[in-house]
Protein chains: 4
Amino acid sequence: MTAFDDIAPQLAAQAIELPSWAFGNSGTRFKVFSTPGTPRTVEEKIADAATVHRFTGLAPTVALHIPWDQVDDYGALARYAADQGVALGTINSNTFQDDAYKFGSLTHSDPAVRRKAVDHHLRCLEIMAETGSRDLKIWLADGSNYAGQQDLRGRQDRLAESLAEIYAQVGAEQRLVLEYKFFEPAFYHTDVPDWGTACAQVTALGERALVCLDTGHHAPGTNIEFIVMQLLRLGKLGSFDFNSRNYADDDLIVGAADPFQLFRIMVEVIRGGALDPDSGVAFMLDQCHNVEEKIPGQIRSVLNVQEMTARALLLDRVALTAAQEAGDVLGAHQILMDAFYTDVRPALADWREARGLPADPMAAYAASGHQQRLAAERVGGTQASWAS
Amino acid sequence: MTAFDDIAPQLAAQAIELPSWAFGNSGTRFKVFSTPGTPRTVEEKIADAATVHRFTGLAPTVALHIPWDQVDDYGALARYAADQGVALGTINSNTFQDDAYKFGSLTHSDPAVRRKAVDHHLRCLEIMAETGSRDLKIWLADGSNYAGQQDLRGRQDRLAESLAEIYAQVGAEQRLVLEYKFFEPAFYHTDVPDWGTACAQVTALGERALVCLDTGHHAPGTNIEFIVMQLLRLGKLGSFDFNSRNYADDDLIVGAADPFQLFRIMVEVIRGGALDPDSGVAFMLDQCHNVEEKIPGQIRSVLNVQEMTARALLLDRVALTAAQEAGDVLGAHQILMDAFYTDVRPALADWREARGLPADPMAAYAASGHQQRLAAERVGGTQASWAS
Amino acid sequence: MTAFDDIAPQLAAQAIELPSWAFGNSGTRFKVFSTPGTPRTVEEKIADAATVHRFTGLAPTVALHIPWDQVDDYGALARYAADQGVALGTINSNTFQDDAYKFGSLTHSDPAVRRKAVDHHLRCLEIMAETGSRDLKIWLADGSNYAGQQDLRGRQDRLAESLAEIYAQVGAEQRLVLEYKFFEPAFYHTDVPDWGTACAQVTALGERALVCLDTGHHAPGTNIEFIVMQLLRLGKLGSFDFNSRNYADDDLIVGAADPFQLFRIMVEVIRGGALDPDSGVAFMLDQCHNVEEKIPGQIRSVLNVQEMTARALLLDRVALTAAQEAGDVLGAHQILMDAFYTDVRPALADWREARGLPADPMAAYAASGHQQRLAAERVGGTQASWAS
Amino acid sequence: MTAFDDIAPQLAAQAIELPSWAFGNSGTRFKVFSTPGTPRTVEEKIADAATVHRFTGLAPTVALHIPWDQVDDYGALARYAADQGVALGTINSNTFQDDAYKFGSLTHSDPAVRRKAVDHHLRCLEIMAETGSRDLKIWLADGSNYAGQQDLRGRQDRLAESLAEIYAQVGAEQRLVLEYKFFEPAFYHTDVPDWGTACAQVTALGERALVCLDTGHHAPGTNIEFIVMQLLRLGKLGSFDFNSRNYADDDLIVGAADPFQLFRIMVEVIRGGALDPDSGVAFMLDQCHNVEEKIPGQIRSVLNVQEMTARALLLDRVALTAAQEAGDVLGAHQILMDAFYTDVRPALADWREARGLPADPMAAYAASGHQQRLAAERVGGTQASWAS
């Protein structure tokens, strides 16, 4: 197996983007629980993201959601973030919380609604210029609940037109990233349900349009690492939304539900060159912390990604290829499992300490008293949630 | 095939309970859309349920959700309902929206939380005495999101204890009905995930404890009519929560996602005697109308159940049994499909007219102007939703 | 709703290709049951297919599977088929029953195995020239059972190379159609698991390379009609393999498991122009008759497709579009359901009689004594199954 | 965390039963591949099982399948096994490969078929007396492929009657264990589809009737460790059939598809006392080795169970309970994950060596030349497969 020292450079380069909304309250249609210390403002969300980065060294950027994170002066916000030690990252559009979008946004049969939705995306592109963000990420709630409710084909064509209008304004250094989702909040069809649809739509746009793979957005049993491989092979993988799931879009902590799946995904990430510095693939979290603490939840998440990345990097690919080509089923499988079963936690603790980071970020955060301070300080106001 | 006239008595006896909450606003974690005319009070919800009954003759009772439908005087509420032409039905408890229940209610490791949850159910039993309701329906959001978060076994034992304490107060004419659900809002485990668990728990209680089968609460691919058969065979089916689903607990209009499945369920309902007047099985809707109109949504729903019941009643069981026992696969299947494919809508329209009901309740409601009147009258106040 | 007379021309043009292997014995890994009268030769399979066509007027062509249907003289076989009243259709390659293909065929890491597999397909193209077939259909069992067993990316690249070599020999009037499958017989990954992969591979080849959609080859919950819409929109739908499923690739009679799904698929088929005479989309059955009679099983299947096509053609698209664009959820859904619930069987019976066909092909076949004659005549020899 | 030395006694007591059929050829409906050295006789299968035990010390018994393993003198077979160093274990009945059982066995509507099926089980009980086996394991292929094909309720009642007749002959030291399966080879319904049905059936029989949980026999997304917990709580878990799956009843090597799931199952096994010497719970493999070597496949499998058992035993339950009761979601989850991520392989290697076993059984077997000897010796005859 590869030695740990050999993989240190790749670990040093790893960066995972945090979602600002992970620090606000979230929940289900049944209940959203609040917790003391939850941010009330965009700035407080960014401060929390910076705290995660301070304890882990893994999370140098934070993604924004518009209009949840709307401010008057994005340049000032970018400077605020820089002061905290992080940068602003991907801009996420939101066309699912306005009454106008009840029956769709970019796909709507009414040109006025499409106009409004396209304009929102154009505004996001402007914000990106101010924040210095590279990626506009588009996830659509568009879909329908009943067979016959909407015209699948017409919506797909209108989606293509709307995206083309947005893409025309994407700058030379910017990218449009389209996310797909199997279901929810639409329960009969969604307009971008699978990677094939997302890929077809972005391919029609051009080179700076790519696909976002959210690990929770697939049908039961889907082999996600295969899709990772395929999108990388086709040159169409723009970014990851990491989380984990047992049933649906559960938005649990990445690596919590099926750690071996995360490992296999990272193996294909490396196999396809997506960890290379110039790959352009963005690694983001997209999670909810419905019942667990948010800052430690994010720390746990980036550590999970780091640990699985280390295991995947340790994989002896020369031996693996030899076993694969020899048709040695058990041998090849064991080489993979040997990497997965290697306990990288002690080596990573040492590696962190050598870089001036806490050996055990979870314990260090718990011992820091930071959470108690936030709870004491952040009194009054309205806690952030999935609302602007 | 059986003649339509022969099934008229069974159709005449059919009654489907409506959920008060179907008339309020509902949605997903992403957005709840509101509509003009939505009820602001329990009384307005009951009035809407009565409207559905007036147009269909199918919905003589309405279920309440406590505390969503909490009032000071339940006797007065029952009289109000009677004045509207309906009766109050099942009382649904709710232990998922109080902060105390974040980590469970009847299963919680803290005795004080269990006490609170048990007391809520005892209060529901008192309400039932005032409303004249027979059934206490218990659906629990109890569960966990992460492996290790909770002790599955301890929770199951505590659930048994809590239920026993509640059951001890269930009156001689009352029943406790326990609902199971595969997942959501808990995403790693739910404490009553399947019919086997619900059945084991209620069997330990006694004869007046039964299972509620919600058609949307199963794993993908589950043969639901088999469970209907089995629960009826074991004498443990208390009630149905009807709705339909494509993916998860989508709570769509019953019969909309897979009409043939609803037909097969009704075939087993009849096969197991659950349509008999003394079966004790309650047929309820439990749905959301996230994007469609609510009153017509409920009218559509009860009509769907009626139409599938009629098709199932038309099934030639003598011929079916003969084909089954002869091993005539295609013959038996065709006998079933012949009943399913029979268009019962014209006969049902005649039958309705003969009973003083509109031949086409959907068209009659649309033509009545009732929805417009509600929209004009119900101005101000706070529209009802999944909150008390 | 559209009048039945108006759809008669489209019904008259409908043609469904039968698979020769549907007439042989099939089963599961646990058991293959045999039945009296099962064909022993390719000619007898073709004769049975011709019988289905004689009783229904719906099945003018038969697909062959090579090497299961290997003969010395394909020209003679084509003439035999013509004498029976049918034509030879799609040629299906088979690279999953030779020991050489244990770890793959077109994707294998050993060039010698790929050579053998490519050569098999080139031979199939030659056969197509002799039979006058248009389509070479490729379904691969290629995949792996364990993570690490094979290199997903390398296999995908080799698949592209192998397909390119085959495609280079596809004649100007011929087509290559690539089928995808979610799983089985490979249980960790399949090399063409989804429509996205099939589409990417055939798009890289050229215009005469298309996708085959087998209705049983998707993850649980997949909205198949969406894929139909998308492939038609992209101009990449080559053919259907019809069957139905409750769980996996169950290969049940089309329309048996979820008739409403078949209806929705036919609605999108029509919406996308695939029923037009020049669409080029082939409609085939790909089923097993493990426990039911084979000839009547195929009769039932083509009738199911015909009946659902009729229902879908009756859909009032003008009214539907109006309701969709008005955001009338319940109205649009009801217009769709009205078409689905229309009992087209009497009109189809009349229509058949007017064309010299039996009004009830199932009853006519049962009454014909044909099955008994086959059982009496076809004695001795080896009954056909999934083997050459 | 618990120290490795403290768990050594429990590891020493661990025993996993091997299925004789794992050493024969198996495959899918598409193809069964054969391998050199595959056993031709029951004795050779037992010899192979003994080889697995010799290299691992984990597999002291071997299960038989009747009639696949039918012999004239079971006493002699038991002595042969003892000479090899293993004992005969569970007897598996087989009522799915005789033409009579096409439409069911213990559930069939024809009393003559039920008679035949019951008699087969009575014969199995006699064999158990001769082999000294404790458990009769019943898995039924009974079910149907099409709605309407069979009467679900009647079959369930007949199943109860048939089982009662068998149970009446189960000796005081014997047990009847009923296995459930979600689907396959029946594709519309199976007569024992879920643990609830199996539990209801065996509960009606008596104390020596229990449930067998096959880890591959559940709907997608099912929380299997919950069922383990529940069956143990109800005192109804008789045995495990271990394997793993990605999609359906894939019968892959246990722990290969989702190692974390196997860990969680073992955690509940320990939590419920099933690893205690007197628990009576049997741990068996039920797998196929379609593409991998069989003896090393079985070695890999028992090692996987052992490794996950060790991890689960290392779990710090005191700390876990404290975190659970404190509502410390992340803390409790981490305590669980700490056990899972502990690399127990070096300690297990030492432990094996201390007991005179090879430190690395996989490597030792590969180096032994045993497989090559078998391939050279076992020439001619008919290789064993799923047939008698």
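Residues numbered from 1 in each chain as written. Chains lettered and ligands numbered in written order. Predicted model: local features only at pLDDT ≥ 70, side-chain atom pairs only at ≥ 80, totals over all residues. Heavy atoms only, no water.

With an unreviewed UniProt entry as reference, chain A is termed Rhamnose isomerase, source organism Kocuria rosea subsp. polaris.

On a plain count of helices and strands, chain A comes out with 14 helices and 10 strands. Relative to its length of 388 residues, chain A is compact, with a C-alpha radius of gyration of 21 Å against a globular reference of 21 Å. Based on the C-alpha atoms only, the size of chain A along its principal axes is roughly 60 × 55 × 40 Å. Buried residues in chain A amount to 69% of all 388 residues. Total accessible area on chain A stands at roughly 11,800 Å², and carbon and sulfur atoms take up 50% of it. If you average the places of the 33 positive and of the 51 negative side-chain charges in chain A, the two averages end up 3 Å apart. (Helix = DSSP H or I, 4+ residues; strand = E, 2+ residues; numbered from the N terminus. Rg over C-alpha atoms; globule rule 2.2 N^0.38 Å. Buried < 20%, exposed > 50% of the residue type's maximum accessible area, 1.4 Å probe, protein only. Areas by Shrake-Rupley, 256 points an atom, 1.4 Å probe, with all protein chains shown as cover. Lys, Arg positive; Asp, Glu negative; His and termini not counted. Charge placed at Lys NZ, Arg CZ, Asp CG, Glu CD.)

Let us now look at the interface of chain D and chain C. In this assembly, 41 residues from chain D lie in contact with 41 residues from chain C. When the two sides are added together, the surface that chain D and chain C hide from each other amounts to roughly 3,900 Å², 61% of it contributed by carbon and sulfur. Looking only at chain D, the three residues that lose the most surface to chain C are Arg29, Phe30 and Tyr247 of chain D, adding up to 23% of its buried area. Run the count over chain D and chain C and you get 8 salt bridges. Of the charged contacts in the structure, one is a salt bridge between Asp249 of chain D and Arg29 of chain C, with a shortest N-O distance of 2.6 Å. Here chain D and chain C share 20 residue pairs in polar contact (both at pLDDT 80 or more) between them. Classifying every residue of the side of chain D that touches chain C by side-chain character gives 21 nonpolar, 9 polar and 11 charged. (Contact = heavy atoms within 4.5 Å. Buried area = accessible area lost by both parts, 1.4 Å probe. Salt bridge = Lys/Arg side-chain N within 4 Å of Asp/Glu carboxyl O. Polar contact = N/O pair within 3.5 Å; in protein donor to acceptor, adjacent residues only side chain to side chain. Nonpolar A, V, L, I, M, F, W, Y, C, P; charged D, E, K, R; others polar.)

Helix-helix packing is described using two parameters, namely the angle between the two axes and the distance between the axes. Residue and element names in this part refer to chain C. Close contact between helix 9 (residues 294-314) and helix 13 (residues 361-368) brings their axes to 10 Å; oriented N to C, the two are set at 165 degrees. One way to sum up the angle between helix 9 and helix 13 is to call them roughly antiparallel. Every pair of crossing elements has a handedness; the one defined by helix 9 and helix 13 is right-handed. Contact residues: helix 9 offers Ile295, Pro296, Ile299, Arg300 and Leu303, while helix 13 offers Pro361, Met362 and Tyr365. Taken together, the residues of the contact of helix 9 with helix 13 sort by class into 7 nonpolar, no polar and 1 charged. (Axes fitted to C-alpha atoms, helices over the stretch in contact; angles between N-to-C directions. Parallel < 35°, antiparallel > 145°, perpendicular 65-115°, else oblique. Left-handed = near helix turned anticlockwise from the far one by under 90°.)

Moving on: the pattern of salt bridges. Enumeration over the complete set of coordinates arrives at 108 salt bridges over all chains. For Asp98 of chain C, the salt bridge is made with Lys116 of chain C, and the minimal N-O distance between the two is 3.2 Å. Taken together, the positions of Asp98 of chain C in the loop between strand 3 (87-92) and helix 4 (111-131) and Lys116 of chain C in helix 4 put the pair 18 residues apart, joining distant regions of the chain. On the basis of relative accessible area, Lys116 of chain C is assigned to the partly exposed category, the value being 36%. The residue Asp241 of chain D makes a salt bridge to Lys137 of chain D at a minimum N-O spacing of 2.9 Å. On the criterion of sequence distance, the pair formed by Asp241 of chain D in strand 9 (residues 237-242) and Lys137 of chain D in strand 4 (residues 135-138) is long-range, its members being 104 residues apart. Summarising the burial analysis for this pair, Asp241 of chain D and Lys137 of chain D share the class buried. A network of salt bridges, in which partner residues are shared, links Arg29 of chain A together with Lys181, Glu184, Asp249 and Asp251 of chain B.

Take the relation of the copies chain D and chain C next. Rotating chain D by 180 degrees and translating it 0.0 Å along the rotation axis places it on chain C, where the RMSD comes to 0.0 Å. Look at the turn and shift together and you get a two-fold axis relating the two. Taking C-alpha positions as the reference, the residue of chain D nearest the rotation axis is Arg29 of chain D, at 2.3 Å. In this assembly the copies share their binding face: 100% of the residues contributing to the interface of chain D also contribute to that of chain C. (Least-squares fit on C-alpha atoms with pLDDT ≥ 70 in both.)

So, on to the interface of chain C and chain A. At the junction of the two partners, chain C supplies 52 residues and chain A supplies 52 residues. The contact between chain C and chain A buries some 4,100 Å² in all, and 59% of this surface belongs to carbon and sulfur atoms. Looking only at chain C, the three residues that lose the most surface to chain A are Arg153, Phe226 and Arg233 of chain C, adding up to 16% of its buried area. A salt bridge links Arg271 of chain A to Asp151 of chain C; the shortest N-O distance between them is 2.6 Å. Residue assignment for the side of chain C that touches chain A shows that the elements contributing at least two residues are helix 5 (152-167), strand 7 (189-190), helix 6 (195-205), helix 7 (224-233), helix 8 (259-271), helix 10 (317-325) and helix 11 (329-341) of chain C. The residue makeup of the side of chain C that touches chain A, split by class, is 22 nonpolar, 19 polar and 11 charged.

For the rest of this paragraph, the subject is the relation of the copies chain C and chain A. Rotating chain C by 180 degrees and translating it 0.0 Å along the rotation axis places it on chain A, where the RMSD comes to 0.0 Å. Most of the interface of chain C is mirrored in chain A, where 100% of its interface residues are also at the interface.

Put simply, Glu184 of chain C and Pro185 of chain C share a cis peptide bond, and its omega is 5 degrees. Counting through the fold element by element, Pro185 of chain C comes out in the loop between strand 6 (175-179) and strand 7. Going from Ile66 of chain D to Pro67 of chain D, the amide bond is cis rather than trans, its omega being 20 degrees. As for its placement among the helices and strands, Pro67 of chain D is situated in the loop between strand 2 (61-65) and helix 3 (74-84). Phi at Glu184 of chain C takes a positive value of approximately 80 degrees, unusual for a residue other than glycine. One can find Glu184 of chain C in the loop between strand 6 and strand 7.

Let us look at the sheet that holds strand 6 (residues 175-179) of chain D. Residue and element names in this part refer to chain D. Taken together, the 8 strands give an open sheet; going across it, the order is 1-2-3-4-6-8-9-10, and neighbouring strands pair in parallel fashion. Two strands in the sheet have a free side with no partner beyond their single neighbour: strand 1 (18-19) and strand 10 (282-285). Against the sheet, helix 5 (residues 152-167) touches strand 4, strand 6 and strand 8 (209-214), its axis set at about 155 degrees to strand 6. Its contacts with the sheet put helix 6 (residues 195-205) on strand 6 and strand 8, and the angle it makes with strand 8 is roughly 160 degrees. (Pairing = 2+ DSSP bridges.)

Per the UniProt record, "domain: Xylose isomerase-like TIM barrel" (unreviewed entry) is found at residues 75-225 of chain A. With 40% helix and 17% strand, residues 75-225 of chain A has end C-alpha atoms that lie 38 Å from one another. (UniProt positions renumbered as here; feature names shortened; annotations may be inferred.)

Moving on to the side chain of His333 of chain B. The topology assignment puts His333 of chain B in helix 11 (residues 329-341). Those residues in contact with His333 of chain B that lie beyond four places of it in its chain are Ala256 of chain C together with Tyr146 and Ala147 of chain D.

A few words now on the packing of aromatic side chains. Following the criterion strictly, the structure yields 78 aromatic pairs over all chains and no others. Between Phe260 of chain D and Phe340 of chain D the ring centres are 5.0 Å apart and the planes differ by 55 degrees, which places this aromatic pair in the tilted class. With a gap of 80 residues between them, Phe260 of chain D in helix 8 (residues 259-271) and Phe340 of chain D in helix 11 (residues 329-341) connect regions that are remote in the sequence. Looking at Phe260 of chain D, the relative accessible area reads 1%, which means it is buried. Look at Phe340 of chain D and you get buried, because its relative accessible area is 2%. Centroid distance Phe340 of chain D to Tyr341 of chain D: 5.3 Å. Interplanar angle 55 degrees. Geometry classified as tilted. Taken as a pair, Phe340 of chain D and Tyr341 of chain D share a single burial class, namely buried. Linked through ring pairs, Phe260, Phe263, Phe340 and Tyr341 of chain A together with Phe260, Phe263, Phe340 and Tyr341 of chain D together constitute an aromatic cluster. Lying over the aromatic face of Phe260 of chain A, Arg264 of chain A brings its terminal NZ or CZ to 4.7 Å of the ring centre. (Phe/Tyr/Trp six-rings, centres within 6.5 Å; stacked < 30°, edge-to-face > 60°. Lys NZ or Arg CZ within 6 Å of the ring centre and 35° of its normal.)

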